[in-house]
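Here are the chains, one letter per residue:
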Amino acid sequence: MRLKVKVTGIVQGVGFRPFIYRTATAHRLTGYVKNRGDAIVEILVEGEENNIKNFLTDLKTKKPPLAQIHDIITSKLEGKNEHRKFAVERSTGETELSGSVTPPDIAICDDCLRELRNPENPRFEYFFITCTNCGPRFTIIERLPYDRENTTMREFPMCSFCLKEYKDPMNRRFNAQTTACPQCGPKAYLTNAKGEPIAHKDPIREAGRLLSEGNILAIKGYGGFHVATSTTKDQPLTKLRKAKHRSQKPFAIMARSLQATETFAEVNAKEGELMASYQRPIVLLNKKSSYYLSDLLAPGLHNVGVMLPYTGLHYMLFDKVNDAAFVMTSANPPNQPIIKDNETALKNLGNTVDYFLFHNRQIAHRCDDSVLRTHDGNTVFTRRSRGYAPAPIILKNHAKHSVLALGGELNNTVCILNGNKAFISQHIGDVENVETQSFLETATEHLLRLTNTKVETVACDLHPKFTTTKLAKELAAERGWQFRQVQHHYAHIFGLMTEHNIDEIVGVCCDGYGYGPKGEAWGGEILLCHKDIHGFKRVAHLEKQPLAGGDLATRYPLRTAAGILYGKVPIDDWLLQNKQHFPHQEKEIEVILQQLKNRKNVIETTSCGRVLDAVSAILGICYARTYEGEPSMKLESAAMKGRDVLKLNPAIKNHTLNTTQIVQKIFENKGKHARRDLAYSAHAYLAKGLAALATENAYDNGVKTVGFSGEVSYNQIFVKTMRKIVEDAGLNFLVHKDISAGDGGLSFGQAVVAEFSRF
Ligand SMILES: [Zn+2]
Ligand SMILES: [Zn+2]
């Protein structure tokens, strides 16, 4: 019998050809296996029918751990057997099939880690030790098929030792494209801030020592540069914050081990498992009461983002020091993507850092670290990037048309919908300037090429001024694609429905801002959605509140507080007492009061985020937003150990939750109760009110499921409170699991609306 087998999925760069070679020879089959340009693996087997059957069973059941098989397409061939042995053939360029993809970057595996530490091994202490089961993939691949000459490893011809392993079918590095050793592979080197080399025979451990001493280093990794320093010394952290213009934004850290993490943070079983997974995400962990790292790492927050080392280089940084962890934050200039090239790093970071730890391999595609937290054992993504992208989310439904969705503006990603797979890009960032836009365009083209997708529809947000909307319009015109705009909160909720394969839902979507159907500023919406009905029905929402000075109120939450309280309680004196929190002090307060009086330069919003901002400012927790979500994140942290002292019943009228009442009560009670209890009371009021509105509308419409999406659904207190109420009412409560709940998940929502909702 002769059989041609095409395997689609994530099958290149995961040790699939070696696996096929071993399996075929074990079953005494002849033929070949090869990689193709459409990211699939093509196999020809010749031999006894029974042996071929067993081969196919093994193919499905014994596949390498990192492989994801989507389809196995077989076709019998006529004619005589042609092959005398089984061979790994040269890759070919066919692009017949679409929807397969290469793997994400994978953290160093246990075997490689052991070899890294074994003085007998030729790769002893080699910082980029990898094998077929680990190493960079997504960030080094320039084009398909996944062969060394199509990656940035092309510049490092293998030495005879590496080549021997590479060609040995019984070796773990058989056909491993990232195979390298100290002789032939990428080299690491240390320079001063000007880029002048510092000769050192052990540059990585020297870098670790410099970090421990309190120096600031830029360190090149797989997908970009990190800026690193000590986690216990205030002086370099203060310097770093000043240089990066980040007075408050939390810095992610890298801990030497799980055990070391447990000395400063609480790690439950699920969190430990996620941290140690091959994706090695940053996991937001609650600080321990005995937290001893600098308060400058994550000021005002109850948690800290921690990841474990994911390359040999990272492990070696800790070898000669006692530090439990180092700061390891993405090196990106404000509003720009993470730096990936050596020259750009020198130019942009030279004034910030004391030293650079470079390596001489190019990064083909940048990729930020992923960030997540857990709620009661559920994973909640804030950023799905390294370790996950570009692996697809597999859907129950098949798309008839391929869709490219460009997302929104902040924390953006793009998404390609192809068949039953949604490919979400790595984190792109805030698409507000040329650099990020050009990153978005290259990332999109790369993902289209990798997945071999022929787009028919391009989707984007309703906002006419978003860069992504303009780009989608241009693409549609240029390439003759269908153009589809999707409302922000609808995209979130429909994404949630699709992720859980639900036909109808009452979805609560709470965030900072999204463009409403008539240009309104939305952000606290309850939508009734049905898969077979066009669009959505907005069944309830939060009360509209005025933002004095429009967008300025987002940056200075006291403005929002003033807007909510204006006319309800006297606020002039209180504002004057807080004048130092307004850039122009008394003058500005006067203008704000005029704006509110005359309703001039005032935008109205139903945003949940803005209400939380106002409470945060009233309680003196945050007066200026220096990073996205800061006032509400700090409010949640303040509320973590609080209780509901106000016990205010949500006031609901005409499907609108009154938010003035709670803000006013908080204002009147400040100083009378502990801050944490008032912070908690605000959470409880809003969460109870939203849950009541959602359950009521679910009953009225005969819907069994309530969902929660948008940035506010990162908030543990909201989720816990709402889940209890909804489930007690006999309804299902859903949150996201594989897709970011914030705007990183927007592109996915747009793509599935464009394809699966009825138009
Ligand atoms: Zn390995
Ligand atoms: Zn070598």
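The coordinates are above.
Summarised in this report is the structure supplied together with it. Just so it is clear, the model here is predicted, and its values are computed rather than measured. (Residues numbered from 1 in each chain as written. Chains lettered and ligands numbered in written order. Predicted model: local features only at pLDDT ≥ 70, side-chain atom pairs only at ≥ 80, totals over all residues. Heavy atoms only, no water.)

1. Details of the packing of aromatic side chains
- What the rule picks out here adds up to 18 aromatic pairs.
- Between Phe 264 and Tyr 292 the ring centres are 6.3 Å apart and the planes differ by 85 degrees, which places this aromatic pair in the edge-to-face class. Within this pair, whereas Phe 264 is found in the loop between helix 7 (258-261) and helix 8 (269-276), its partner Tyr 292 is found in the loop between strand 11 (282-286) and strand 12 (303-307), the two being separated by 28 residues in sequence.
- Taking the relative accessible area as the measure of exposure, Phe 264 reaches 0% and is therefore buried.
- Using a relative accessible area of 40% as the deciding quantity, one classes Tyr 292 as partly exposed.
- Taking 4.9 Å as the distance between ring centres and 85 degrees as the angle between the ring planes, the aromatic pair formed by Phe 381 and Tyr 388 counts as edge-to-face. Here the two residues Phe 381 and Tyr 388 agree in accessibility, since each one is buried.
- Among the aromatic residues, those joined into a cluster by ring pairs are Tyr 126, Phe 127, Phe 128, Tyr 222 and Tyr 310.
- The ring of Tyr 291 has Lys 287 sitting right over it, with the charged end atom 5.0 Å from the ring centre.
- Sitting over the face of the ring of Phe 439, Arg 366 holds its NZ or CZ atom 4.7 Å from the ring centroid. (Phe/Tyr/Trp six-rings, centres within 6.5 Å; stacked < 30°, edge-to-face > 60°. Helix = DSSP H or I, 4+ residues; strand = E, 2+ residues; numbered from the N terminus. Buried < 20%, exposed > 50% of the residue type's maximum accessible area, 1.4 Å probe, protein only. Lys NZ or Arg CZ within 6 Å of the ring centre and 35° of its normal.)

2. Focus: unusual backbone geometry
- Here Leu 144 and Pro 145 are connected by a cis peptide whose omega angle stands at -5 degrees.
- The residue after Ala 389, namely Pro 390, is reached through a cis peptide bond having omega 5 degrees.
- If you check the backbone angles, His 245 has positive phi at about 50 degrees while not being a glycine.
- As for its placement among the helices and strands, His 245 is situated in the loop between helix 6 (234-244) and strand 10 (253-255).

3. A short note on the sheet that holds strand 11
- If you walk across this open sheet you meet the 11 strands as 7-6-14-8-9-13-10-12-11-15-16, and the pairing is mixed. The open sheet terminates on both sides in strands that have one partner only, identified here as strand 7 (197-198) and strand 16 (378-383).
- Bridge count between strand 11 and strand 12: 4 bridges; the pairing is antiparallel. Within strand 12, the residue paired with Val 283 across the bridge is Val 306.
- Across the sheet, helix 8 is in contact with strand 11, strand 12, strand 15 (371-375) and strand 16; its angle to strand 11 comes to roughly 155 degrees. (Pairing = 2+ DSSP bridges. Contact = heavy atoms within 4.5 Å. Axes fitted to C-alpha atoms, helices over the stretch in contact; angles between N-to-C directions.)

4. Some details on the side chain of Ser 385
- Mapped onto the elements of the fold, Ser 385 is located in the loop between strand 16 and strand 17 (393-394).
- According to the relative accessible area criterion, Ser 385 is buried, its value standing at 0%.
- Those residues in contact with Ser 385 that sit more than four places away from it in its chain are Cys 367, Asp 368, Asp 369, Ser 370, Gln 426 and His 427.

5. Let's talk about the coordination of the zinc ion (ligand 1)
- The zinc ion (ligand 1) binds to the protein through Cys 109 (SG), Cys 112 (SG), Cys 131 (SG) and Cys 134 (SG); the donor distances cover 2.3 Å.
- Seen from the zinc ion (ligand 1), its 4 donor atoms lie at angles of 103 to 120 degrees, and the figure they make is tetrahedral.
- All donors of the zinc ion (ligand 1) come from a single chain, and their spacing in sequence reads C-x2-C-x18-C-x2-C. Accessibility classification places Cys 109 together with Cys 112 in one group, the buried group. (Donors = N, O, S within 2.8 Å, 3.2 Å for Na, K, Ca; no water. Tetrahedral: all angles 85-135°; square planar, octahedral: opposite > 155°, others 65-115°.)

6. So, helix 4 (residues 160-167)
- Among the residues making up helix 4, those that are buried are Cys 162, Glu 165 and Tyr 166. The arc that holds the buried residues of helix 4, viewed along the axis, is 105 degrees, so those residues lie on one side. Away from the buried face of helix 4 by more than 90 degrees, exposed residues Ser 160, Lys 164 and Lys 167 are located. (Arc of directions from axis to C-beta.)

7. A few points about the sheet that holds strand 3 (residues 41-46)
- Taken together, 5 strands build an open sheet; the order of strands is 4-1-3-2-5 and the sheet is mixed. Bordering the open sheet on either side are strand 4 (68-76) and strand 5 (86-88), each of which pairs with just one other strand. Strand after strand, the sheet turns through a mean of 15 degrees between neighbouring axes, direction not considered.
- By the bridge criterion, 6 bridges tie strand 1 (residues 2-10) to strand 3 in an arrangement that is antiparallel. From the neighbouring strand, Arg 2 faces strand 3, where its bridge partner is Glu 46.
- Sitting on the sheet, helix 1 (residues 16-26) is in contact with strand 1, strand 2 (30-35), strand 3, strand 4 and strand 5, with an inclination near 175 degrees to strand 5.
- Against the sheet, helix 2 (residues 49-61) makes contact with strand 1, strand 3 and strand 4, and its axis sits at roughly 5 degrees relative to strand 1, the strand it touches most.

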